[in-house]
Amino acid sequence: SFDEVPGRYKVRDLSLAEAGRHQIRLAEHEMPGLMALRAEFGASQPLAGARIAGSLHMTVQTAVLIETLVALGAQVRWASCNIFSTQDEAAAAIVVGPHGTPEDPQGVPVFAWKGESLEEYWDCTEQILLWPGEQGANLILDDGGDATMLVHLGLQYERLGTVPPDTLPGEPDHTHEMNVVRSVLRRALAADPLRWTGISEQLLGVTEETTTGVHRLYQLAESGELLFPAINVNDSVTKSKFDNKYGIRHSLPDGINRATDVLMGGKVAFVAGYGDVGKGAAEAFRGQGARVIVSEVDPICALQAAMDGYQVARIEDVLGEADFFITTTGNKDVVTAEHMTAMKNKAIVGNIGHFDNEIDMAGLAQVPGITRTEIKPQVHEWTFPAAGDEEPRSIIVLSEGRLLNLGNATGHPSFVMSNSFSNQVIGQIELFEDSKLPEGERTYERQVYRLPKVLDEKVARLHLDALGVRLTELSTSQADYLGIPVEGPYKPEHYRY
Ligand code: NAI
């Protein structure tokens, strides 16, 4: 059952709002960057007139982001970017708003609940882009690029006058999910043959949260298909070097513990990928006393992993050895059905990269004789047929191969998300302010941009006091010696941190 007013909101249960509000209140204390932006920009309302369609995990931390955007003058509509990641109490609190009641909700339209079907997921994504009484959203705040992709596909299909059955560039390569997207687009075309034309003409830009979504944006920009300017939030240093690493270091073990409560100490953990997320994942396992094995395709990251003291191996060589298999690559087909068939009995398999195609769940379901037992929601035991008179072996798969830190737990903690989301808010202001300038004077074209380093440093600064950090100040002569301004930026663009 749902609490729903069509076109206005659809969440699990508005009576959860009070529980959500308590959590939001505590999260605000842990999100000094967002609260400082409210204090700085609350009076000047830089987002007045912005209609932001947000597609990002509907958690407590995201609730603080949404209410920051509103405090800066924006109108907002929200959906989650994953079928399992919504915290229903946060969604309820946002719909009810700080001053409403479940009987008289006064907050922001949210279309999200934990455990959506794919059909429901794409319906919700469409809902955030449709603005009742107006032509549509004028900004997207995206995580993984699904809202951006829906607009691009919608427009392509509209121009063709039909929804073609074959795959177009930028489509997810999961056939079932693409068929779901097609049915949403088919219905939209029937309702309004110029819907996506209208929406895309309104759109001033997108700010993108994660590695996978950024990757999609660069592909669209390179092929000349990107419809509006994009800010790559992920590659702010205060995003990917913090959220992707320290966020994962916290939320990966959280997800594994809540799902299984299996001890990590003394066990063997295999981590596929040693980028920012992989580094956080490996460190988390090591911190729990596990022996960690990493796999990489990039020689630089493989060497880093080795120098950090991890064994670097190929997955096929450690199938019988590892107790945990975690994918962090943002790539597809990293753990195949064949791999899973050969894993140790009761191995725990999970993905913490953005999409579920890292682990071949469809292939696993097709292993002859395999059975699936639900231990609890988002925790499934897959049992292989016994060979001879052996005990049947099984593996435990978390969140059906989707982001386990958000499916089995509640994602990253507030403090780290305050860094990421401060970049999001600054990115939204940048795009919106720039769009008000005369055409020839604008900074942002149909390309992908990073925020200037001085803003990145500002986000970090906003989080220092809360941790009791006392920064050293450069003297003028030291600054002159290094050839940098006293007030920063302190590093050249090519510096890697
Ligand atoms: P990254 O690009 O820094 O790291 C990915 C690494 O995987 C790269 O070093 C790459 O060489 C390696 N890789 C690629 N294919 C491989 C293969 N077949 N086997 C082994 N290694 C392989 O990206 P980042 O920032 O670490 O993000 C990874 C994924 O995690 C992305 O999908 C991103 O969107 C997602 N993400 C998830 C978060 C969460 O809360 N669950 C938070 C942040 C990012």
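Under an unreviewed UniProt entry, the chain has the name Adenosylhomocysteinase and belongs to Oerskovia enterophila. Taken directly from UniProt, the Function (unreviewed entry) text for the chain runs: "May play a key role in the regulation of the intracellular concentration of adenosylhomocysteine." Turning to the chain, the UniProt record has this under Pathway (unreviewed entry): "Amino-acid biosynthesis; L-homocysteine biosynthesis; L-homocysteine from S-adenosyl-L-homocysteine: step 1/1."

According to UniProt, the "binding site: substrate" (unreviewed entry) feature falls on Thr-59, Asp-143, Glu-209, Lys-239 and Asp-243. If you trace the backbone, Glu-209 turns up in the loop between strand E7 (205–208) and helix H9 (211–222). For Glu-209, a relative accessible area of 3% translates into the label buried. Those residues within four positions of Glu-209 in sequence are excluded, and the remaining contacts are Leu-56, Asp-142, Asp-143, Val-233, Asn-234, Lys-239, Asp-243, Met-417, Ser-420, Phe-421 and Gln-424. Note on placement: Asp-243 falls in helix H11 (residues 243–260).

We now examine helix H7 (residues 175–191). Spanning 17 residues, H7 covers 24 Å between terminal C-alpha atoms, matching the ideal 24 Å at 1.5 Å per step. Check the buried side of H7 and you find it contacts helix H5 (118–129), helix H6 (146–160) and helix H8 (195–202).

Attention now moves to the environment of Gly-330. Within the element layout of this structure, Gly-330 appears in the loop between strand E12 (324–327) and helix H14 (337–341). What Gly-330 contacts, discounting residues up to four positions off in sequence, is Thr-212 and Glu-358.

Next up on the list: the site of the ligand. Surveying the vicinity of the ligand reveals 26 residues, the closest of which are Thr-210, Thr-211, Thr-212, Val-277 and Glu-296. Separating an oxygen atom of the ligand from a side-chain N or O atom of Asn-244 is a distance of 2.9 Å. For the shell around the ligand, the secondary-structure elements that each account for two or more residues are H9, H11 and helix H12 (276–287). The biggest single contributor to the shell around the ligand is H11, with 3 residues.

On to the state of the cysteines. Taken as a whole and judged by the stated rule, the model has 0 disulfides. A disulfide-free cysteine, Cys-124 has its sulfur positioned 12 Å from the sulfur of Cys-81, the nearest such atom.

Ranked by size, the top nonpolar core spans 52 residues in total, and within it Leu-47, Ile-52, Met-58, Leu-69, Trp-78 and Val-110 carry the most contacts. Sequence-distant contacts of Trp-78, that is, excluding residues within four places in its chain, are made with Gly-54, Leu-56, Met-58, Thr-62, Leu-65, Ile-66, Leu-69, Pro-109, Val-110, Phe-111, Ile-128 and Leu-141. Formed by 43 residues, the second largest nonpolar core is a distinct cluster that contains Leu-118, Trp-122, Val-180 and Leu-203.

What follows concerns the side chain of Ser-420. Looking at the element boundaries, Ser-420 is found in helix H17 (residues 414–435). Given the relative accessible area of 0%, Ser-420 is considered buried. Filtering out sequence-adjacent residues up to four positions away, Ser-420 remains in contact with Glu-209, Val-233, Thr-238, Lys-239 and Asp-243.

Summed over all chains, the structure comprises 8 aromatic pairs. When the centroid spacing of 5.7 Å and the interplanar angle of 50 degrees are considered together, the rings of Phe-270 and Phe-325 count as tilted. With Phe-270 in strand E9 (residues 268–272) and Phe-325 in strand E12, this residue pair connects regions lying 55 residues apart in the sequence. Under the relative-accessibility criterion, Phe-270 is labelled buried at 1%. With centroids separated by 5.8 Å and ring planes inclined at 65 degrees, the aromatic side chains of Tyr-274 and Tyr-310 adopt a geometry described as edge-to-face. Of this pair, Tyr-274 sits in the loop between E9 and H12 while Tyr-310 sits in the loop between helix H13 (299–307) and strand E11 (311–312); the two residues are 36 residues apart in sequence, bridging distant segments of the chain.

Across the sheet, which stays open at both edges, the 8 strands sit in the order E11-E10-E9-E12-E13-E16-E15-E14 with mixed pairing between neighbours. Looking at the sheet topology across the chains shown, the edges are occupied by E11 and strand E14 (371–376). Relative to the sheet, H11 contacts E12, strand E13 (347–351), E14, strand E15 (379–383) and strand E16 (394–398), its axis offset from that of E16 by approximately 125 degrees.

Side-chain alternation along strand E6 (residues 139–142) places Leu-139 and Leu-141 on one buried face and Ile-140 and Asp-142 on a second face that is also buried. Judged from the 4 bridges that link them, strand E3 (residues 51–55) and E6 form a sheet pairing that is parallel. Bridge pairing links Ile-52 to Leu-139 in E6. By the bridge criterion, 4 bridges tie E6 to E7 in an arrangement that is parallel. Paired with Asp-142 across the strands is Glu-208, a residue of E7.

So, on to the environment of Tyr-9. If you trace the backbone, Tyr-9 turns up in strand E2 (residues 9–11). For Tyr-9, a relative accessible area of 8% gives the class buried. Separated by 469 residues in the primary sequence, Tyr-9 and Gln-478 have C-alpha atoms spaced 56 Å apart. Excluding residues within four positions of it along the chain, Tyr-9 makes contact with Asp-3, Glu-4, Leu-14, Val-95, Pro-105, Pro-109, Val-110 and Phe-111.

The terminal C-alpha atoms of H9 lie 17 Å apart, and with 12 residues this matches the ideal 16 Å at 1.5 Å per residue to within 8%. Within H9 the residues assigned to the buried category are Thr-212, Gly-213, Val-214, Arg-216, Leu-217, Leu-220 and Ala-221. On its buried side, H9 packs onto H6, E7, strand E8 (230–232) and strand E17 (448–449). Just downstream of H9, Gly-224 is the residue with a positive phi angle, here 75 degrees.

Once that is clear, we can look at the packing of H6 against H8. In a packed pair of helices, the relevant descriptors are the angle between the two axes and the axis-to-axis distance. At their nearest, the axes of H6 and H8 sit 8 Å apart, and the two run at 135 degrees to each other. Taken together, H6 and H8 sit at an angle that is classed as oblique. Judged by the sense of rotation from one axis to the other, the crossing of H6 with H8 is left-handed. Note on element contacts: H8 touches H6 through Arg-195, Trp-196, Thr-197, Ile-199 and Ser-200, opposite Leu-150, Val-151, Gly-154, Leu-155 and Glu-158. In terms of residue class, the contact of H6 with H8 is built from 5 nonpolar, 3 polar and 2 charged.

Moving on, we get to the side chain of Asn-138. With respect to the helices and strands, the residue Asn-138 is situated in the loop between H5 and E6. Look at Asn-138 and you get buried, because its relative accessible area is 6%. Within polar-contact distance, the side chain of Asn-138 engages the backbone oxygen of Gly-49 at 3.1 Å. Not counting residues within four places of it along the chain, the set of residues in contact with Asn-138 comprises Gly-49, Ala-50, Arg-51, Gln-202, Leu-203, Leu-204, Gly-205 and Phe-432.

Parameters and conventions
Residues numbered from 1 in each chain as written. Predicted model: local features only at pLDDT ≥ 70, side-chain atom pairs only at ≥ 80, totals over all residues. Heavy atoms only, no water. UniProt positions renumbered as here; feature names shortened; annotations may be inferred. Helix = DSSP H or I, 4+ residues; strand = E, 2+ residues; numbered from the N terminus. Buried < 20%, exposed > 50% of the residue type's maximum accessible area, 1.4 Å probe, protein only. Contact = heavy atoms within 4.5 Å. Expected span 1.5 Å × (residues − 1). Near = heavy atom within 4 Å. Polar contact = N/O pair within 3.5 Å; in protein donor to acceptor, adjacent residues only side chain to side chain. Disulfide = S-S within 2.5 Å. Core = buried A, V, L, I, M, F, W, Y, C linked by side-chain atoms within 4.5 Å. Phe/Tyr/Trp six-rings, centres within 6.5 Å; stacked < 30°, edge-to-face > 60°. Pairing = 2+ DSSP bridges. Axes fitted to C-alpha atoms, helices over the stretch in contact; angles between N-to-C directions. Parallel < 35°, antiparallel > 145°, perpendicular 65-115°, else oblique. Left-handed = near helix turned anticlockwise from the far one by under 90°. Nonpolar A, V, L, I, M, F, W, Y, C, P; charged D, E, K, R; others polar.

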